[in-house]
Amino acid sequence: MKLLVVEDEAKAAAYLRKGLTEEGYQVEVAHNGVDGLHMASVHDYDLIVLDWMLPGIDGLALLAALRQTRAVPVLMLTARGQIDDRVRGLQGGADDYLVKPFAFSELVARIQVLLRRASGARTVAETTQFKVADLEVDTVRRKAMRAGQRLDLSPKEFSLLALLLRRQGHVLSRTEIAEQVWDMNFDSETNVVEVAIRRLRAKLDQPFERPLLHTVRGMGYVLEDRAP
Ligand code: CA
C-alpha cells in the first residue's frame, strides 16, 4: 500500500514517514501543496494524508483541484478543531479528518478503515476482530494474543497473519501472499514469503500445542483450526 503524506512541517513529516513505514506502508512525502498536488496527480496512491495548513496551495485548495481527476481516499490533518472547518473539509472532498495533536494509533486506525472501505471488499475485509481456537487478533489495535499471551509480531508478520485470518480456511498461494502483503509482483526467485511464514510460525504455533498455520504442499498456506 502506497501512501502520500503532504505536510510542510519537517518534524511532523519525518515522524509520519517513520511511523507509517513501520506499519508496513510505502510512504512518500511532499513538503508543500504544489508538490503534493503534482505528486498526487501523477502517481497512484492508495491514500493521501493531507495537512490543511500548507504554504502555497493549502490542503483544501489542493483537495478541490485533486478531486477533479482523482477519487483517492484523503485523510485531512488539521490544527483547527472548529466544527465549521471540519464541515468544510468534508464538503471539500476529504474522506475523514483528524485534529492535531492526535495519537498515532488513531491515525493508523483511520487509515486502515479508509483503505478497507476503498478496497471495496466490504464484509470480511471490514472485520477487525478474529478468533480461531485460542488465537485472538484485533487488526485495528494490531494486537495478537494466543492462549492469553501477546504475540510479538513485526508489521509484516502481522499483515501476513491478518491476511490469513481474513481468508481463513482458504489456501493462499505464495504469489497471492506476496502481492497482498508486500504489494509486489511475485518474483519466484525470492523466498520472502517462506521466510515470513517460518517466522510467523515460530511465534504463532511453535510455543503452543496445536498448529493453526498449515502448509498445503504445492499450493500454499492456510490458517485454520484442525481440532479433532
Ligand atoms: Ca502545516
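All of the points below concern the structure found in this document. (Residues numbered from 1 in each chain as written. Predicted model: local features only at pLDDT ≥ 70, side-chain atom pairs only at ≥ 80, totals over all residues. Heavy atoms only, no water.)

### A look at the pairing of strand β11 (residues 220–223)
The sheet contact formed by strand β10 (residues 213–216) and β11 spans 4 bridges and is antiparallel. Of the residues in β11, the one forming a bridge with histidine 214 is valine 222. Between β10 and β11, which pair antiparallel one after the other, the connecting turn spans 3 residues, and glycine 218 there sits at a positive phi close to 80°. (Pairing = 2+ DSSP bridges. Helix = DSSP H or I, 4+ residues; strand = E, 2+ residues; numbered from the N terminus.)

### Quick notes on the side chain of histidine 214
By secondary structure assignment, the location of histidine 214 is in strand β10. Taking relative accessible area as the criterion, histidine 214 reaches 10% and is therefore assigned buried. At a separation of 3.1 Å, a polar atom in the side chain of histidine 214 contacts the main-chain carbonyl oxygen of glutamate 224. When near neighbours in sequence (up to four residues on either side) are disregarded, histidine 214 contacts Arg201, Gly220, Tyr221, Val222, Glu224 and Arg226. (Buried < 20%, exposed > 50% of the residue type's maximum accessible area, 1.4 Å probe, protein only. Polar contact = N/O pair within 3.5 Å; in protein donor to acceptor, adjacent residues only side chain to side chain. Contact = heavy atoms within 4.5 Å.)

### Digging into the sheet that holds strand β6 (residues 129–132)
Read from one edge to the other, the open sheet built from 4 strands follows the order β6-β7-β8-β9, with strand pairing classed as antiparallel. One side of each edge strand has no neighbouring strand; the edge strands of this open sheet are β6 and β9 (149–150). Strand contacts of helix α6 (residues 155–166): β6, β7 (135–138) and β8 (143–146), with the helix running at about 110° to β7, the strand carrying the most contacts. (Axes fitted to C-alpha atoms, helices over the stretch in contact; angles between N-to-C directions.)

### Digging into the coordination of the calcium ion
For the calcium ion, every protein donor is listed as Asp8 (OD), Asp51 (OD) and Met53 (O), and the spread of their distances is 2.1 to 2.4 Å. Each donor residue of the calcium ion lies on the same chain, and together they follow the pattern D-x42-D-x1-M. Aspartate 51 sits in the buried class, given a relative accessible area of 4%. Classification of methionine 53 as partly exposed rests on a relative accessible area of 45%. (Donors = N, O, S within 2.8 Å, 3.2 Å for Na, K, Ca; no water.)

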